[in-house]
Every structure is written in structure tokens, then in C-alpha cells.
Amino acid sequence: MGFTIGSNNELLWSMYKIGFDSIIIVLLSVSFSVIFVKAIRRVVKLE
Amino acid sequence: MIKYILTALFLGAVAGYFNNNYGNLIANNWVSGYLFDFSLVLLLFLMGFAFGVDKEAIAKLRKAGLKILVVPFSIALGSILGGLIGGLILGINAVAVMAVSAGYGWYTLAGPLVGQLFGAEFGALGFMVNFLRELLTITTISLTVKIDKYAPIAFGGATTMDTTLPVIVRYGGSEALITAFSSGFTLSLIAPFTITAIAALA
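Cut-off values and rules
Residues numbered from 1 in each chain as written. Chains lettered and ligands numbered in written order. Predicted model: local features only at pLDDT ≥ 70, side-chain atom pairs only at ≥ 80, totals over all residues. Heavy atoms only, no water. Helix = DSSP H or I, 4+ residues; strand = E, 2+ residues; numbered from the N terminus. Areas by Shrake-Rupley, 256 points an atom, 1.4 Å probe, with all protein chains shown as cover. Buried < 20%, exposed > 50% of the residue type's maximum accessible area, 1.4 Å probe, protein only. Contact = heavy atoms within 4.5 Å. Arc of directions from axis to C-beta. Phe/Tyr/Trp six-rings, centres within 6.5 Å; stacked < 30°, edge-to-face > 60°. Buried area = accessible area lost by both parts, 1.4 Å probe. Salt bridge = Lys/Arg side-chain N within 4 Å of Asp/Glu carboxyl O. Polar contact = N/O pair within 3.5 Å; in protein donor to acceptor, adjacent residues only side chain to side chain. Nonpolar A, V, L, I, M, F, W, Y, C, P; charged D, E, K, R; others polar. Axes fitted to C-alpha atoms, helices over the stretch in contact; angles between N-to-C directions. Parallel < 35°, antiparallel > 145°, perpendicular 65-115°, else oblique. Left-handed = near helix turned anticlockwise from the far one by under 90°. Core = buried A, V, L, I, M, F, W, Y, C linked by side-chain atoms within 4.5 Å.

Colleague: Quick question: what am I supposed to make of the overall build of chain A here?
Modeller: Across its full length, chain A carries three helices and zero strands. When the accessible surface of chain A is split by element, carbon and sulfur atoms take 68% of a total near 2500 Å².

Colleague: Looking at this structure, how should I read the overall build of chain B?
Modeller: In terms of regular secondary structure, chain B is built from ten helices and zero strands. In chain B, the succession of helices and strands from N to C terminus is α-α-α-α-α-α-α-α-α-α. Classification of the 202 residues of chain B by burial places 49% in the buried group. Taking the contacts inside chain B whose residues are at least 6 apart along the sequence as the reference set, 69% of them involve residues at least 24 apart. Accessible surface for chain B amounts to roughly 9600 Å². Of this, 71% is attributable to carbon and sulfur atoms.

Colleague: Help me understand helix 9 (residues 165-172) of chain B in this model?
Modeller: At 3.6 residues per turn, the α-helix brings residues three or four places apart onto the same side. Residues and elements named next belong to chain B. Among the residues of helix 9, L165, I168 and G172 are the ones counted as buried. Viewed along the axis of helix 9, the buried residues span an arc of 60°, placing them on a single side of the element. For helix 9, the exposed residues lying more than 90 degrees away from the buried face are P166 and R170. One or two residues past the end of helix 9 sits G173, with phi positive at roughly 85°.

Colleague: Looking at this model, I keep getting lost on the packing of aromatic side chains. Mind explaining?
Modeller: Two numbers describe a pair of aromatic rings. These are the distance of the centres and the angle of the planes. Residues and elements named next belong to chain B. One pass over the full model with this rule turns up five aromatic pairs over all chains. Pairing Y107 with F131 gives two aromatic rings, centres 5.1 Å apart and planes at 90°, and the pair type is edge-to-face. Highlighted residues: Y107 in helix 6 (residues 107-118) and F131 in helix 7 (residues 120-147), separated in sequence by 24 residues. The exposure class assigned to F131 is buried, which follows from its relative accessible area of 12%.

Colleague: Honestly, the interface of chain B and chain A in this entry has me stumped. Any pointers?
Modeller: How big an interface is tends to be stated in terms of accessible area lost as the parts join. Facing 52 residues of chain B, the contacting portion of chain A comprises 39 residues. Across the interface of chain B and chain A, roughly 4000 Å² is buried in total on both sides, 78% from carbon and sulfur atoms. For the interface between chain B and chain A, the tally reads one salt bridge. Across the salt bridge formed by B:D148 and A:R41, the nearest N and O atoms sit 2.8 Å from each other. Across the chain B-chain A interface, the total number found is six residue pairs in polar contact (both at pLDDT 80 or more). Broken down by secondary-structure element, the contributors of at least two residues to the side of chain B that touches chain A are helix 1 (2-21), helix 2 (28-53), helix 4 (70-90), helix 5 (94-101), helix 6, helix 7 and helix 8 (151-156) of chain B. Broken down by element, the side of chain B that touches chain A gets its largest block of residues, 14 residues, from helix 4 of chain B. Classifying every residue of the side of chain B that touches chain A gives 31 nonpolar, 16 polar and five charged.

Colleague: I'm lost on unusual backbone geometry in this one. Help?
Modeller: Most of the time, phi is negative for any residue but glycine, and the peptide bond is trans. Phi angles above zero are rare outside glycine, and B:Y104 is one such case at about 50°. By relative accessible area, which is 0% here, B:Y104 ends up buried.

Colleague: Hey, could you run me through the packing of helix 6 of chain B against helix 10 (residues 176-201) of chain B in this one?
Modeller: Each pair of packed helices can be summarised by the angle the axes make with each other and by the distance between the axes. Residue and element names in this part refer to chain B. Where helix 6 meets helix 10, the axes come as close as 11 Å, and the angle between the chain directions of the two elements is 20°. Judged on the interaxial angle alone, helix 10 and helix 6 are roughly parallel. For the element pair helix 6 and helix 10, the recorded crossing hand is right-handed. Contacts between helix 6 and helix 10 involve L109, A110, L113, V114, L117 and F118 from the first element and A191, P192, I195, T196 and A199 from the second.

Colleague: So what exactly am I meant to see when it comes to helix 5 of chain B here?
Modeller: Burial analysis of helix 5 of chain B places seven of its eight residues in the buried class, the great majority of the element. Looking at the buried side of helix 5 of chain B, the elements it contacts are helix 3 (15-44) of chain A together with helix 4, helix 6, helix 7 and helix 10 of chain B. By the N-cap criterion, in which a side-chain oxygen at the helix start approaches the backbone nitrogen of a residue two or three places on, helix 5 of chain B is capped by B:N93, the distance to B:V95 being 3.1 Å.

Colleague: Help me understand the nonpolar core, please; the structure alone is not making it clear to me.
Modeller: Soluble, globular proteins show a tendency: their nonpolar side chains are buried together. By size, the foremost hydrophobic cluster in this structure holds 52 residues, and its most contacted members are B:Y104, B:F122, B:L125 and B:I195. With ten residues, the single largest contributor to this core is helix 10 of chain B.

Colleague: I would appreciate a short explanation of the pattern of salt bridges in the present structure.
Modeller: It is possible for side chains bearing opposite charge to pair when their charged atoms get close. Residues and elements named next belong to chain A. Tallying each qualifying case throughout the model produces two salt bridges over all chains. The partner of K17 in a salt bridge is D21, with the nearest N and O atoms 2.7 Å apart. Placement of the pair is K17 and D21 together in helix 3, with a separation of four residues, close to one helical turn.

Geometric values such as these leave the question of function open.
See below:
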């Protein structure tokens, strides 16, 4: 995978954008995961 | 393990850069195509093998019962929805971002698999998003455990069956062990299928 990224100059120079996008996506993913788990725990009544 | 993976990724990127800019000693399409596919199939085979030989994993899951499966499925739904919203906010391919989020923290799988299905750019995104998820779980656990005792398990996703399990048990107590392990186990099991299923939507 590293080789594929390194051999693509366009992709290599857009890594800063990919890094920024990653932060937004990971924050949204974990936030919604926590919200869903909290909600389902109330419905199913998990200890 | 993380340091070896990052070193391999970095060295691969350097090798790819030099190969592309200072003479093609290795054909890029051979590496990106055949070698990439082969290593991915090998990874999936080894993952299946590890699940198959681990009798304790199946026993732990049975002990926890079916009720406990609502946790990983909620995490999966939340992750995919978060990916969809993220894709829409950032104005990039929302289906690909959903697939990226469906790695649930398993960066060694999500990066290559998403890369094969949606292209190298999303492969890099898949690696980074899932790698950050694991880092975030470890670095913020002292705070997330205060939100809810299951919050670190939700943060960790598929990583809660191995790499983040010790810190989750350390902060969440031994009662978090079964839930964390079964959640990580289930998410690791469904990750390749959800990624490919989401790719079928594109």
C-alpha cells in the first residue's frame, strides 16, 4: 500500500487533505458509535 | 506492531516515490495489482485461520449470549452513519467514506481493501481513518470512560478484541472484558463483508 501511495505523485501531495478529512471522518464515526451504543443500552437494558 | 506497520508503509511510500520518479525498476501495476491482491487474500486467509483456531474466542462469545451482539451492531451502524455524514460534509464520495468507516479501526484491512475497491486515494484515507481510530481510543480512554462505560468499546471498534483490549480492561474493569472482546470479534468478522457490501452500492 505504501508503494502504491508513493508511486502516485498526485496522491502523495494531497496527503495533508487526506489527513484533515480523516480527522473529521473518525470524529464523526466514533461520536455516532457512542450515541448508538448509549441509545441501544437504554432499549435493551444492558448492564 | 504499530511501529513495524508504519515503517513498512513509510518505506513502501519512499520506494514507490523513487521508483516512479527515478526509473521504473518495478512495474507499478504489478505491485498495485497482483502483489496487492495476493497480500490482501493472504491477510483474509490468515484472519479466518486465526478465528478458526481460537477456541476461546468462540467460547467467550457463546458465554456472552446473543444480547451482547447489539453493541457491535450499534457500533457498526454508528460508524457507517458517521462516514456517510462525513462524506456529505466534506463533499467527497460518501459511499467510499462509508466503506472507510466500516473498517471499524482495522486499518491493515480497511486501507488495502478500500484501496482496491475505490482507488488509492480512498485506500490512504481508509488506512489513516482507522489508524487514527485506534490511536484516539488509546489516548482518550481516561476521558471516554467517563461518558459511558461502553464508550471506549464504541471508540475502539474492531480493535477491542486485541490491541486496545488491555487499556479498556484497565479503565473499564474486568466486567468490560467480555463485551469488549465479543464486540471486537464480531466487528472484525463483519468488517470485510460490510466494506464489500457498501462497495456494491457504488
